[in-house]
Amino acid sequence: MTKKEYILEKAEALFAEKGFDATSVRDIAKAAGINIAMISYYFGSKDKLMEELFKMRMNIGLAYVKEIADNGALSIIEKIEKALSGYIDRVKMNTKFYHVILAEQATNKNKSVIRFLNKSKETYATFFEVLLKEGQKDGSINVNIDPIFFMTTITGTIMHAILNKELYAQHYGLKSTKGWNDDVYFEKVKDHLKLITKNILGYESES
């Protein structure tokens, strides 16, 4: 991990815990064990730091779906399920970042972040649009569905799963630990999402 990535990680944790507005540059510098001048050196401002955080996290996901799209050894169904499974794994590994996403979309203050986020969403929408059309053409997908609404169903389910971990544990009398969260809860989310996807698109899973 580079120094720049380390600072972004510390800032991400603070943004998730306190919110962007309530987190000062001094807070970030203290958490990262650096002086404030280093923030200016690497990022220029707190807003620019936030933009860099989004680019770093979102570009990983975009590279992942491009790799899937270019993999000719995978069927349409395998590509869809691999993309969804990978998305959930990234949420599991970077839950703090997705809390930041939720907050940023709610406040809609950092226009550069929102533009980058919307551009990323458009890439995902195009990815699913191509797969859905190909699936309908080869007969592996039995329904004609709007790719934007499909993506909204997927992302909405995952985002609400993040917010309702404690509710799930409480409802079933479970202890919400990090181990349970990583090894059990998100696997249940995967299974649920696969079931939803199978029913929406009308296919039988190949795995």
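Computed from a predicted model, the values in this text were never measured in an experiment.

## Here's the deal with the overall build of the protein
- Looking only at helices and strands, the protein features ten helices and zero strands.
- Listing the helices and strands of the protein from first to last along the sequence gives α-α-α-α-α-α-α-α-α-α.
- By principal-axis analysis of the C-alpha atoms, the protein measures approximately 60 × 40 × 30 Å.
- Taking all 207 residues of the protein together, 39% fall into the buried category.
- The long-range share in the protein, meaning contacts at least 24 apart out of those at least 6 apart in sequence, stands at 67%.
- When the accessible surface of the protein is totalled, it reaches about 11,400 Å², and 54% of it is carbon and sulfur.
- Considering the protein, the positive charge centre built from 30 side chains and the negative charge centre built from 27 side chains are found 6 Å apart.

## A look at the packing of helix H1 (residues 3-18) against helix H6 (residues 95-107)
- At their nearest, the axes of H1 and H6 sit 8 Å apart, and the two run at 55° to each other. When the interaxial angle is binned, H1 and H6 end up oblique. For H1 against H6, the interelement crossing comes out left-handed. Contacts between H1 and H6 involve Glu12, Ala13, Phe15 and Ala16 from the first element and Lys96, Phe97, His99 and Val100 from the second.

## Looking at the confidence of the model for the protein
- Per-chain confidence: the protein averages 91 in pLDDT, with 99% of residues scoring 70 or above.
- When pLDDT is averaged over each element of the protein, helix H2 (residues 25-32) comes out on top at 96 and H6 at the bottom at 89.

Conventions we followed
- Residues numbered from 1 in each chain as written.
- Predicted model: local features only at pLDDT ≥ 70, side-chain atom pairs only at ≥ 80, totals over all residues.
- Heavy atoms only, no water.
- Helix = DSSP H or I, 4+ residues; strand = E, 2+ residues; numbered from the N terminus.
- Buried < 20%, exposed > 50% of the residue type's maximum accessible area, 1.4 Å probe, protein only.
- Contact = heavy atoms within 4.5 Å.
- Areas by Shrake-Rupley, 256 points an atom, 1.4 Å probe, with all protein chains shown as cover.
- Lys, Arg positive; Asp, Glu negative; His and termini not counted.
- Charge placed at Lys NZ, Arg CZ, Asp CG, Glu CD.
- Axes fitted to C-alpha atoms, helices over the stretch in contact; angles between N-to-C directions.
- Parallel < 35°, antiparallel > 145°, perpendicular 65-115°, else oblique.
- Left-handed = near helix turned anticlockwise from the far one by under 90°.
- pLDDT = per-residue confidence, 0-100.

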